[in-house]
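# A look at the structure
Residues per chain are reported as follows:
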Amino acid sequence: MIATAAGLITLRPLTLDDVTETYVGWLQDPEVTRYLMAGRTPQTARTVRAFVETLLLSAAQPFAILLDGRHVGNTQLQQISGVDGTAEVGIMIGDRACWGQGLGQVAIQALEAIAYDDLQLRRLWAGTSNPACAGLFAQCGWVLEGCQRAHIWFDHRWCDRWWYGRLATDRWVSGERP
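The following paragraphs examine the structure supplied in this document. All values derive from a computational prediction rather than experimental measurement.

### Quick word on the environment of Gly104
Along the polypeptide, Gly104 turns up in helix 3 (residues 103-118). In this structure Gly104 comes out as buried when scored by relative accessible area, which is 12%. A C-alpha to C-alpha distance of 26 Å links Gly104 and His156, two positions 52 residues apart in sequence. In this view, Gly104 contacts Ile91, Ile93 and Leu136; residues no more than four positions away in its chain are not counted.

### Describing the nonpolar core
Considering soluble globular proteins, one finds that nonpolar side chains tend to be buried as a cluster. Val89, Leu124, Phe137 and Trp142 are the most contacted members of the largest nonpolar core, which totals 32 residues. At the level of elements, strand 2 (8-13), strand 3 (61-67), strand 4 (70-81), strand 5 (86-93), helix 3, strand 6 (123-128) and helix 4 (131-139) are the ones that each hand at least two residues to this core. With nine residues, the top contributor of residues to this core is helix 3. The residues contacting Trp142, other than those within four sequence positions of it, are Val89, Ile108, Glu112, Leu124, Trp125, Ala126, Phe137, Tyr164, Gly165 and Arg166. Formed by 14 residues, the second largest nonpolar core is a distinct cluster that contains Trp26, Val48, Val52 and Ala64.

### Brief notes about the side chain of Asp95
As for its position among the elements, Asp95 is in the loop between strand 5 and helix 3. A distance of 2.9 Å separates the side chain of Asp95 from the backbone nitrogen of Ala97, its partner in a polar contact. Residues in contact with Asp95, not counting those within four places in the same chain, are Trp26, Arg70 and Val72.

### Looking at the packing of helix 3 against helix 4
At a closest axis distance of 10 Å, the pairing of helix 3 and helix 4 adopts a crossing angle of 55°. The angle between the axes of helix 3 and helix 4 places the two elements in the oblique class. Taken as a pair, helix 3 and helix 4 cross one another with a handedness that is right-handed. Contact residues: Gly104, Gln105 and Ile108 in helix 3; Leu136, Phe137 and Gln139 in helix 4. Class assignment of the residues belonging to the contact of helix 3 with helix 4 gives a composition of three nonpolar, three polar and no charged.

### Here we look at the pairing of strand 8 (residues 157-167)
In terms of strand pairing, strand 6 meets strand 8 through six bridges, oriented antiparallel. Looking at strand 8, one finds that Arg123 is bridged to Leu167. With eight bridges joining them, strand 7 (residues 143-154) and strand 8 adopt antiparallel strand pairing. Note that in strand 8 the partner of Trp153 across the bridge is Trp158.

### A few points about helix 4
Those residues of helix 4 not exposed but buried are Cys133, Ala134, Leu136 and Phe137. Taken end-on, helix 4 shows its buried residues confined to a sector of 155°, consistent with a single buried face. The exposed set on the far side of helix 4, more than 90 degrees from its buried face, consists of Ala132 and Gln139. Where helix 4 is buried, its residues meet strand 5, helix 3, strand 6 and strand 8. For helix 4, the N-terminal cap is Asn130; the gap from its side-chain oxygen to the backbone nitrogen of Ala132 is 2.8 Å. Phi for Gly141, located one or two positions after helix 4, is positive at around 85°.

Rules behind the numbers
Residues numbered from 1 in each chain as written. Predicted model: local features only at pLDDT ≥ 70, side-chain atom pairs only at ≥ 80, totals over all residues. Heavy atoms only, no water. Helix = DSSP H or I, 4+ residues; strand = E, 2+ residues; numbered from the N terminus. Buried < 20%, exposed > 50% of the residue type's maximum accessible area, 1.4 Å probe, protein only. Contact = heavy atoms within 4.5 Å. Core = buried A, V, L, I, M, F, W, Y, C linked by side-chain atoms within 4.5 Å. Polar contact = N/O pair within 3.5 Å; in protein donor to acceptor, adjacent residues only side chain to side chain. Axes fitted to C-alpha atoms, helices over the stretch in contact; angles between N-to-C directions. Parallel < 35°, antiparallel > 145°, perpendicular 65-115°, else oblique. Left-handed = near helix turned anticlockwise from the far one by under 90°. Nonpolar A, V, L, I, M, F, W, Y, C, P; charged D, E, K, R; others polar. Pairing = 2+ DSSP bridges. Arc of directions from axis to C-beta.

This is the structure:
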């Protein structure tokens, strides 16, 4: 748990019980899904439940982001490679009332602690076409590693996809860890 000005932020494993009307509503909101693959097809309780079931059966580690105990979004480690010590990161703050309050940054920092300290991973990476998400990764000290120009069709136009990465050792350089 991490205390912020917005409230107490907690990550806990995502479960099928999290597939609520609220969660489905996020994925039906065009603003929330503007830069998500989920926004490309209609979402229903059945499709969201099937997605979460598949995710839970995979090697991914999905987490609910809680603000004062209330589910406001999700984050996850996926494509985890124990051999390479790497994983891809995804994040969605579904509750739009929570946008701009720094919850994403706190959630990424908490996810980094799980990845680097608990799972002993050495590198995390993420791709995004969402300018706000790109800003989030930059604020968290991630390095812009590349850009795929006009890579994906979002928001009625071709969008770039930016790739960010962060090494466990980057935390030491920035003074985040002793």
